[in-house]
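Take a look at the letters that make up each chain.
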Amino acid sequence: MAKVALITGITGQDGAYLAEYLIKKGYTVHGIKRRSSLFNTDRIDHLYQDPHEHNRNMILHYGDMTDSMNLTRIIGDVKPDEIYNLAAMSHVKVSFDTPEYTANADGIGTLRILEAVRLLGLTKKTRIYQASTSELYGLVQEIPQKETTPFYPRSPYAVAKLYAYWITVNYREAYGMHASNGILFNHESPLRGETFVTRKVTRAVSRIVLGMQDMVYMGNLSSKRDWGHAKDYIKAMYLILQQDTPDDYVISTGITTTIRDFIKMSFAKAGVVVDFKGVDEKEVGFLVSIDESVFAKEVGIEYLESFRKRLGETVVGVDPSYFRPTEVDILIGDNSKAKAKLGWEPSYSLDGLCEDMMMHDIALMKKEDYLKNGGYRILNYFE
Ligand code: NAP
Ligand code: GDD
């Protein structure tokens, strides 16, 4: 019999990669998606199967993390071997605007899943993965952060996830459930939402080198993140649920980089050198030089002539409205436990991740269709 997995947040970055990974492993994958007025399944459309087909291995259910009865009904119908609870309002800055909803979906939502499994008598059958986060470390109490590092959350998002973390531990200890937390550090990919910093940067840089946009406005350029590739991180989720004993694991690369350096790295993928001057909100990034052979290969020779004329121009500015009321300045994870116990380690370097995202976004921006379909939406959005 094929194993059955239920993924909440299947339409998100991680949900999409995980669904594909589990289907390749022979699982039947059920996913919960929210009703929206526009299609929200872009990331999983390649996995979609018509409901009239027999023996489907991917099945979608309408649902919401704020609706207990709906979640209980779906879990009761599906009786999954594994639940991956990935659904969340996952944007830290937006959580300051929607704190109550974030607490409900990200905090109490996790309780709803655990309690449904318990009430349905599935505690011995169903294993649960909770998408915990390095944001729990917030105002970091130790560098690098590991499983034993005390938490100090710095946003409504992180506080909601703190509840979710501990209620998962509590249900494990109280009811003997196979419930585990993956404390995942930031992970990115070409599927990353457009308002998270790496994707905002790779999209904007692609558009700037193609001559479609003059500059991009950013928030705090000095914060540091430990970035890995989502394709590696969803494998850790799977491995956590294959262990005989439930436990909590840090999943990270162990390398931390500033936003500023990620911007430089992204331009470098197009053969462009960018430097920064000024401080705080007066800081700007400007075009220094071009390696024309790299530019011609990665961007296209036809874009070179006009781009050359822009050398010296400012392409990155700072807009303080993107600053967060309380910031997480540095995240860097110690993944020794995951390496030793799960045999997990990242296969992508930051350079490889940036390359993957930049090549994807340059190709995406070049697509005429993409432009016609609103893809040129202003990048200097709220987040
Ligand atoms: P994402 O791309 O923002 O995806 C979030 C998913 O949750 C989407 O499918 C979204 O649906 C769904 N969702 C949001 N609110 C919901 C609700 N009320 N009911 C049902 N579904 C809801 O996030 P991700 O990057 O894949 O991250 C997956 C999980 O890992 C999240 O819980 C996130 O907080 C956590 N995490 C992420 C990272 C990271 O660096 N990516 C690191 C640590 C932890 P729509 O598509 O309809 O919006
Ligand atoms: N989004 C965004 N937009 N962030 C910016 C910008 C900008 O224009 N400019 C600077 N930053 C800084 C933020 O202030 C933060 O310090 C850093 O870039 C990373 O921001 P995000 O990419 O939005 O991610 P995050 O670290 O806040 O949260 C992500 O990672 C968490 C794991 O640590 C999300 O995926 C969370 O869901 C996840 O839990």
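Preceding this section is the structure that the text describes.
What comes next is a walk through the structure. Numbering of residues starts from 1 in each chain and follows the order in which that chain's sequence is written. To label them, take the chains in the order written and letter them from A, then take the ligands in the order written and number them from 1. Since the coordinates come from a predicted model, pLDDT governs what is reported: local features require at least 70, and pairs of side-chain atoms require 80 or more to be given and counted, while whole-chain, interface and lining totals use all residues. With hydrogens and water excluded, all non-hydrogen atoms of the structure serve as input to the side-chain values.

We call a residue near a molecule or strand when any one of its heavy atoms sits within 4 Å of it. Taken together, 25 residues surround ligand 1, and among them T11, R34, S90, Y101 and Y157 come closest. Between ligand 1 and A88 there is a distance of 3.2 Å, counted from an oxygen atom to a backbone nitrogen or oxygen. We define a polar contact as two N or O atoms separated by no more than 3.5 Å, with the added condition that, inside protein, one atom must be a possible hydrogen donor and the other a possible acceptor, whereas residues neighbouring each other in sequence contribute only through side-chain atom pairs. Between Y101 and ligand 1, the recorded distance is 2.7 Å, taken from a side-chain N or O atom to a nitrogen atom. Per-residue and other accessible areas follow the Shrake-Rupley method at a 1.4 Å probe size, with only the shown protein chains counted as cover for residues. When the free accessible area of ligand 1 is taken as 900 Å², the share hidden by the protein chains comes to 90%.

Turning our attention to the nonpolar core. Ranked by size, the top nonpolar core spans 35 residues in total, and within it I263, F267 and V272 carry the most contacts. Secondary structure is summarised from DSSP: a helix means a run of H or I of at least four residues, a strand means a run of E of at least two, and numbering begins at the N terminus for each. For this core, the element with the most residues is helix α12 (residues 350-366), which contributes eight residues. In this analysis, two residues are considered to be in contact whenever any of their non-hydrogen atoms come within 4.5 Å of each other. F267 has contacts with V205, I208, V209, V272, V274, L287, V315 and V316, leaving out every residue within four places of it along the chain. Buried Ala, Val, Leu, Ile, Met, Phe, Trp, Tyr and Cys residues that are joined via side-chain atoms within 4.5 Å together make up what is termed a nonpolar core. Between buried and exposed lies partly exposed: a residue is buried under 20% and exposed over 50% of the maximum accessible area for its type, with that area taken using a 1.4 Å probe on protein chains only.

Further remarks concern the pairing of strand β4 (residues 82-85). On a regular strand, each side chain points to the face opposite its neighbour's, so the side chains alternate between the two faces of the sheet. Neither face of β4 is exposed, since E82 and Y84 on one face and I83 and N85 on the opposite face are all buried. Any two strands with at least two DSSP bridges between them are considered paired. Strand direction decides the pairing type here: β4 and strand β5 (residues 127-133), joined by four bridges, are parallel. By the bridge assignment, E82 is partnered in β5 with R127.

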